[in-house]
Amino acid sequence: MSTETTPAPQSHEFQAEIKQLLDIVIHSLYTEKEIFVRELVSNASDALEKFRHLQLTEKDIHDAERKLEISLTTDDKAKTLVIEDAGLGMSAAELAKNLGTIAHSGSKAFLKSLSEGGQKNANLIGQFGVGFYSAFMVATKVEVFSRSWRADEAANVWTSDGAGRYTIEPAPAHTGRGTRIVITLKEECAEFSEEQRIKEILERYSAFVSFPIQLNGTHINTVQALWLRSKNEITDEDYSAFYKFQSHAYDEPRLRLHFSADAPLQINALLFVPQDNSEKFGMSRLEAAVSLYCRKVLIDAKPKDLLPEWLRFLKGVVDSEDLPLNISRETMQDRALIEKLNKVLTKRFLKFLTEEAKNRPEAYLEFYATFGIFLKEGAATDYTHKDELVKLLRYESSLTEAGKPTSLADYLSRATAEQKEIYYLVGPSRAAIENGPYLEGFKARNLEVLFCTEAVDEYVMNNVREFDGKKLVAADHADVKLADAPKPPAAEGDLSEDDTKSLADWLKTTLGDRVAEVKSSDRLVDSPALATNADKFLTPQMRRMMKAMNKDGAESPLKVNFEINPRHLVMQKLNATRASNPGRAVLVAEQLLDNALISAGLLEDPSAMVKRLNKLLEQG
Ligand code: ADP
Ligand code: MG
């Protein structure tokens, strides 16, 4: 019988996702087991940063005098490794929440990629930090002794073998503020209880931690604030190591910008663009990740307003001596400071991209292929930086080779002085746009057309509206006028003006409400007809979007203008069939309209078309 003075430890089950994560972490053959040290040290460092912050405002603090440092202790006889910090610590409830449910963004992203790619993606683990749980790669048991900074909270110990359950029970009362993690190592992982091994790992991964680190009582040297040092004493390897440490990243940075300024604000900044755009892989929206420091002291790891939304892919740090340590987003004066910082940083980064585009065009295009979507978002939404951003956009066009996009400035350099507009076409792919009927007339007149093949492009074009005084115009809009149209040479069989007029009138009567207007076209060369949306605002892409979102207006009847090519054999034959076989002529007319609607991306229900087509085929 147990005595009632020692309550049985409370046993809890891990959240299902954590179990899944633990299972993979423990059972996959993970080559770089050593990263668990980095994860735990970085948690300790986070806890110390948070505490340093609390100190500014809170009074009732436990162990207020305790030194802000991290200490590691190895014991190769007992095969244990202990990592201790004097950070903010955790209460019993916080232990359960933080270590029993999934919070870590890296772990979340990892699980998501698993659920998408299945178990075969388990080797992806090397690309994600799985945070605290990585300790279970090497441990048979993990004990987390923790005491919250709050004076009225008692110390507790969280214990688990990673098999699905954990316990929380009171810890010895003398446990100091902060967290002590005791890792009992698996036999085959005993190397992590050797001082030399841990020393080497700390030097590799934790060189930038801004708190003193002790290993078995000896101070390990850390490198302080890379961003404050002069560029010429920093190697690429230093930068890369810093990026990985600071952004919890496992890739090499794609671009970096290290700069300082004195006016209008004193700034030292080190910004990185990662290799990949995780939003592209369907992962959650990126959050601000450039940290804000004042004289090496972290003020906010994820300040929301430091950079515009569209720069949310950037990593790195910004340090400004002009900031008050207890800056708050609420007070007007502090807000104004952040806004000022935002302006300087954004301008500087845009300048950097402009230089990259000019000096290293290949690398810029690679960057653009991955991150261009953010520049488009900026061009469409950030009025202040729109002009600079539009210059950075790149599109393929009717005059570029596939895969070789052009800038709007280059487009204009090829255009004649008379050209008052910049033309673009929206479509699912380069091939689809090239095969559509809209390009012909522009090609025949040597007018370049930009190819917009990304879903956001139409929105971007509609918002950007103009560049360098020239309007951006969709080449398939009903009211595009190609004024200087050189008439294609008349050929035998061309329908006369009268015949064309009478055919157009007949088509209008025959097609009825399906068309707003039927007219002879001057932009067609190789196609018999084309359809343009008569509704300027409700473009095909817009209609699809509204339909997808179930918005009003999506169901409003489609109104198109139907343009016919009097020089095309099909039209000439149709004109003759009107007299010889009126029934068939009607079917052909409707089919031609449907063909044009397909090219325009406007055919909504193909079932009637299929029936009609079969009828036409029967007639032979
Ligand atoms: P992340 O660090 O990305 O949040 P982790 O899995 O590494 O994810 O840690 C989960 C959570 O556990 C942390 O967010 C933090 O709240 C808590 N935690 C982990 N280690 C410590 C520590 N040494 N001191 C205080 N809290 C900690
Ligand atoms: Mg962590």
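Look up a bit, the structure's there.
**Observations concerning the overall build of the protein**
If you tally the helices and strands in the protein, you get 18 helices and 22 strands. In the protein, which comprises 620 residues, the share counted as buried stands at 50%. Intrachain contacts of the protein at a sequence separation of at least 6 include 71% that bridge at least 24 residues. For the protein, the accessible surface area stands at approximately 31100 Å², while carbon and sulfur atoms represent 51% of it.

**Some points on the packing of aromatic side chains**
Given two aromatic rings, their pairing is described by the distance between the two centres and the angle made by the two planes. Scanning all chains against the criterion turns up 24 aromatic pairs. For the ring pair Phe208 and Phe242, a centre distance of 5.1 Å and an interplane angle of 80 degrees mean the geometry is edge-to-face. Of this pair, Phe208 sits in the loop between α5 (195-205) and β8 (213-215) while Phe242 is found in helix α6 (residues 236-246), placing the two residues 34 residues apart along the sequence. Across the pair, exposure class does not vary: Phe208 and Phe242 are buried alike. Linked through ring pairs, Phe313, Phe349, Phe352, Tyr364, Phe367, Tyr368, Phe371 and Phe374 together constitute an aromatic cluster. Positioned above the aromatic ring of Tyr250 is the side chain of Arg38, whose terminal nitrogen or guanidinium carbon lies 4.5 Å from the ring centre. The lysine or arginine in question, Arg348, covers the ring of Phe259, its NZ or CZ lying 5.2 Å from the ring centre.

**Section: the sheet that holds strand β19 (residues 470-474)**
Ordered by their spatial adjacency, five strands build an open sheet running β15-β17-β16-β19-β18, and the pairing between neighbours is mixed. A single partner strand is all that each edge strand has here, and the edge strands are β15 (396-397) and β18 (466-467). Examined bridge by bridge, β15 and strand β17 (residues 449-452) share two bridges and lie antiparallel to one another. Residue pairing in the sheet places Ser397 in a bridge with Leu450 of β17.

**Looking at the environment of Glu84**
Structurally, Glu84 is set in strand β3 (residues 80-85). A C-alpha to C-alpha distance of 5.2 Å links Glu84 and Ser71, two positions 13 residues apart in sequence. Sequence-distant contacts of Glu84, defined by excluding residues within four places in its chain, comprise Arg66, Glu69, Ile70, Ser71, Thr179 and Arg180. Engagement of the side chain of Glu84 in a polar contact is seen with the side chain of Arg66, the distance being 2.9 Å.

**Re the nonpolar core**
Ranked by internal contacts, the top residues of the largest apolar core, which has 97 residues, are Phe313, Val318, Phe349, Leu375, Tyr423, Leu507 and Phe562. Beyond its immediate chain neighbours, meaning those up to four positions away, Phe349 contacts Leu257, Leu271, Val273, Leu311, Phe313 and Leu314. In terms of nonpolar packing, the next biggest core, distinct from the first, is built from 72 residues, Leu22, Leu68, Trp149 and Phe192 among them.

**Description of the pairing of strand β12 (residues 289-294)**
Two faces, one strand: in a regular strand the side chains alternate between the faces of the sheet. Counted residue by residue, β12 has five buried out of six residues, so it is predominantly covered. With five bridges connecting them, β12 and strand β14 (residues 315-319) associate as parallel partners. Bridge pairing in β14 places Tyr293 opposite Asp319. The antiparallel pairing of β12 with strand β13 (residues 297-300) creates a hairpin that spans two residues between the two strands, and Arg295 there sits at a positive phi of about 45 degrees.

**Notes on unusual backbone geometry**
Following Ala263, the chain continues into Pro264 via a peptide bond in cis, with omega recorded as 0 degrees. You can see Pro264 is positioned in the loop between β10 (255-261) and β11 (267-273). In this structure, His248 is a non-glycine residue whose phi angle is positive, near 55 degrees. Examined against the element boundaries, His248 turns out to sit in the loop between α6 and β10. Since its relative accessible area comes to 38%, His248 is described here as partly exposed. You will see that Arg295, though not glycine, has its phi angle at about 45 degrees, which is positive. Along the chain, the position of Arg295 falls in the loop between β12 and β13.

**What to know about the environment of Ala44**
Checked against the element boundaries, Ala44 lands in helix α2 (residues 35-57). Taking the relative accessible area as the measure of exposure, Ala44 reaches 2% and is therefore buried. Residues Ala44 and Glu84, spaced 40 residues apart in sequence, show a C-alpha to C-alpha distance of 7.4 Å. Apart from the residues lying within four places of it in its own chain, the contact partners of Ala44 are Ile70 and Asp85.

**Some thoughts on the side chain of Thr175**
Tracing the backbone shows Thr175 in the loop between β6 (165-170) and β7 (178-185). Residue Thr175 is classed as buried on the basis of its relative accessible area, which comes to 6%. At a separation of 2.7 Å, a polar atom in the side chain of Thr175 contacts the main-chain carbonyl oxygen of Pro172. Not counting chain neighbours up to four residues away, the residues in contact with Thr175 comprise Phe145, Arg147, Ala155 and Arg180.

**Overview of the sheet that holds strand β9 (residues 218-220)**
The nine strands are arranged β1-β6-β5-β4-β7-β3-β2-β8-β9 in an open sheet whose pairing can be described as mixed. One side of each edge strand has no neighbouring strand; the edge strands of this open sheet are β1 (10-13) and β9. Between one strand axis and the next, the sheet turns by 20 degrees as a mean value, whatever way the strands run. For strand β4 (residues 139-147) and strand β5 (residues 156-160), the ladder comprises five bridges, and the chain directions are antiparallel. Note that in β5 the partner of Ser146 across the bridge is Asn156. Lying on the sheet, α5 is in contact with β2 (70-75), β3, β8 and β9; it crosses β8 at an angle near 160 degrees.

**Examining the pattern of salt bridges**
For the structure shown, the criterion picks out 29 salt bridges. Close ionic contact of Glu356 with Arg360 constitutes a salt bridge, the shortest N to O distance being 2.8 Å. A salt bridge links Asp505 to Lys501, with the nearest nitrogen and oxygen atoms 2.9 Å apart. Taken together, the positions of Asp505 and Lys501, both in helix α14 (residues 497-511) and four residues apart, correspond to about one turn of that helix.

Conventions we followed
- Residues numbered from 1 in each chain as written.
- Chains lettered and ligands numbered in written order.
- Predicted model: local features only at pLDDT ≥ 70, side-chain atom pairs only at ≥ 80, totals over all residues.
- Heavy atoms only, no water.
- Helix = DSSP H or I, 4+ residues; strand = E, 2+ residues; numbered from the N terminus.
- Buried < 20%, exposed > 50% of the residue type's maximum accessible area, 1.4 Å probe, protein only.
- Contact = heavy atoms within 4.5 Å.
- Areas by Shrake-Rupley, 256 points an atom, 1.4 Å probe, with all protein chains shown as cover.
- Phe/Tyr/Trp six-rings, centres within 6.5 Å; stacked < 30°, edge-to-face > 60°.
- Lys NZ or Arg CZ within 6 Å of the ring centre and 35° of its normal.
- Pairing = 2+ DSSP bridges.
- Polar contact = N/O pair within 3.5 Å; in protein donor to acceptor, adjacent residues only side chain to side chain.
- Core = buried A, V, L, I, M, F, W, Y, C linked by side-chain atoms within 4.5 Å.
- Axes fitted to C-alpha atoms, helices over the stretch in contact; angles between N-to-C directions.
- Salt bridge = Lys/Arg side-chain N within 4 Å of Asp/Glu carboxyl O.

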